[in-house]
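# Summary of the model geometry
Here's the letter readout for the chains.
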Amino acid sequence: MTAESAEAAGVAETAETAEVAETAEVVAPRPRRRGRTTLMIVGAAVLGVVAGVCTGYLVQADREPTALPPLSQPVVEQATGEVEPLSATQDRKVKMNGDLRKLLVSRPKGARDTEYTLGADGWMDLAEYADRYERSATTFDNLVDDEFRRAAVTSWRVGETYNVDIFLVQFRQESKAAAIEWAENGHYWAGHEDDTRSWPLPGTGDGNGTVFVHDTPDREPGYLPLYSAEAHAWRGDVYMDIAIYDSKPIPKAKIMDLAERQMGKL
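Quick notes on the rules
- Residues numbered from 1 in each chain as written.
- Predicted model: local features only at pLDDT ≥ 70, side-chain atom pairs only at ≥ 80, totals over all residues.
- Heavy atoms only, no water.
- Buried < 20%, exposed > 50% of the residue type's maximum accessible area, 1.4 Å probe, protein only.
- Helix = DSSP H or I, 4+ residues; strand = E, 2+ residues; numbered from the N terminus.
- Pairing = 2+ DSSP bridges.
- Contact = heavy atoms within 4.5 Å.
- pLDDT = per-residue confidence, 0-100.
- Salt bridge = Lys/Arg side-chain N within 4 Å of Asp/Glu carboxyl O.
- Axes fitted to C-alpha atoms, helices over the stretch in contact; angles between N-to-C directions.
- Expected span 1.5 Å × (residues − 1).
- Arc of directions from axis to C-beta.

All right, on to the pairing of strand S6 (residues 238-246) then. The buried fraction of S6 amounts to eight of the nine residues, a majority that puts the element mostly inside the structure. As paired elements, strand S2 (residues 162-171) and S6 share eight bridges and run antiparallel to each other. Its bridge partner lying in S6, Asn163 is registered against Tyr245. The pairing of strand S5 (residues 226-235) with S6 spans nine bridges and is classified as antiparallel. Residue pairing across strands places Trp234 opposite Tyr239, the latter belonging to S6. Where S5 folds back onto S6 in an antiparallel hairpin, the turn is made up of two residues, including Gly236, whose phi is positive at roughly 65°.

Structure (structure tokens):
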């Protein structure tokens, strides 16, 4: 190969590499969706059942017919009347489709407004909620893709430094179970912070709800240390997101009690 040919090949390879890198950056896939493996397992189970039925049929075809015992089933009387429908307080779906703000826990006595305003009249729109994340533009797109429906919010302050934020984020869930995905995302990032303790949230099932206490505060010159604790859980189509902030360490009992009471409302 001549020097000119080698140079031309090198330029072409460099251009191709740059094009591939640019394309990969543009079409970089989002993290793999949950549920795909489950579908594969279900499919394998169905195939196993079909194979078992075929084998059983061939074996049975070579056997002499066996007389069946007479059919004798007890007569079950049919119930009369109509089943009383669940009340609005008992029917979770009715509760979730009503005023979501009514499912937020009430402020404690003596609590005041925080120095910053969250949402308007107890509601937070998609853009405002996405702005809570470091990569707000990406989060906005993810919320749209995950069929964000609405978000109810409450916050309060006790004393000068103790602050609470609570978000109930509801998804339409017509094509995916988004609420659990956002709860698991919250678990992932909270659990990856240094010096963090965590506990399962009672009453939420295996791994569906977790509370976290971060024992190392954020420190900035000229400011008090900022300790934090958080809880993430889901129920139905609603994702619960709770955060507590204070200038002193936050006990486990504080975040656990708040998270249990909030989940109890759902």
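Bringing the environment of Phe167 into the picture now. Secondary-structure assignment places Phe167 in strand S2. Sequence separation of Phe167 and Asp241 is 74 residues, and the distance between their C-alpha atoms is 5.1 Å. Apart from the residues within four sequence positions on either side, Phe167 is in contact with Leu118, Met124, Tyr129, Arg132, Ala152, Val153, Tyr239, Met240 and Asp241.

This part covers the confidence of the model for the protein chain. When pLDDT is averaged along the protein chain, the result is 78, and 65% of the positions lie at 70 or above. Within the model, pLDDT remains below 50 along residues 11-55, and this stretch shows ten contacts once partners closer than five positions in the same chain are excluded.

Attention now moves to the side chain of His187. Secondary-structure assignment places His187 in helix H6 (residues 178-191). Relative accessible area serves as the criterion here: at 13%, His187 is assigned to the buried category. Apart from residues no more than four positions distant in its own chain, His187 is found in contact with Gly207, Asn208, Gly209, Thr210, Phe212, His232 and Ala233.

A separate point is the pattern of salt bridges. Following the criterion strictly, the structure yields twelve salt bridges and no others. The partner of Asp241 in a salt bridge is Arg132, and the shortest N-O contact between them spans 2.9 Å. Taken as a pair, Asp241 in strand S6 and Arg132 in the loop between helix H4 (126-130) and helix H5 (136-145) lie far apart in primary sequence, 109 residues in all. Overlapping salt bridges, with partners in common, bring together Arg112, Glu115, Arg157 and Glu160 in one network.

The strand order S1-S2-S6-S5-S4-S3 describes an open sheet built from six strands, whose pairing is antiparallel. Edge positions in the open sheet fall to strand S1 (148-158) and strand S3 (196-200), since each of these has one partner strand only. With strand direction ignored, the average angle separating the axes of adjacent strands in the sheet is 15°. Helix H7 (residues 252-265) rests against S1, S2, S3, strand S4 (209-218), S5 and S6 of the sheet, and its axis sits at about 155° to S6.

Let us look at the pairing of S1. Counting buried residues in S1 gives nine out of eleven residues, a clear majority hidden from the surface. For S1 and S2, the ladder comprises ten bridges, and the chain directions are antiparallel. Bridge pairing links Arg157 to Asn163 in S2. Between S1 and S2, which pair antiparallel one after the other, the connecting turn spans three residues, and Gly159 there sits at a positive phi close to 70°.

The end-to-end C-alpha distance of H6, which contains 14 residues, comes to 20 Å, matching closely the 20 Å that a straight helix rising 1.5 Å per residue would cover. Buried residues of H6: Ala178, Ala179, Glu181, Trp182, Ala183, Gly186, His187 and Ala190, and no others.

Looking now at the environment of Glu193. The topology assignment puts Glu193 in the loop between H6 and S3. The exposure class of Glu193 is partly exposed, given its relative accessible area of 40%. Distance from Glu193 to Thr216, taken between C-alpha atoms, is 9.4 Å for residues 23 residues apart in sequence. Every residue in contact with Glu193, bar those within four places of it in the chain, is listed here: His214 and Glu230.

Here we take up H5. Along H5, the positions that sit buried rather than exposed are Thr139, Asn142 and Leu143. In an axial view of H5, the angular spread of the buried residues amounts to 100°, which keeps them on one side of the axis. Looking at the packing, one finds that the buried side of H5 touches H4, S1, S2 and H6. Glu147, located one to two residues past H5, shows a positive phi value of around 65°.

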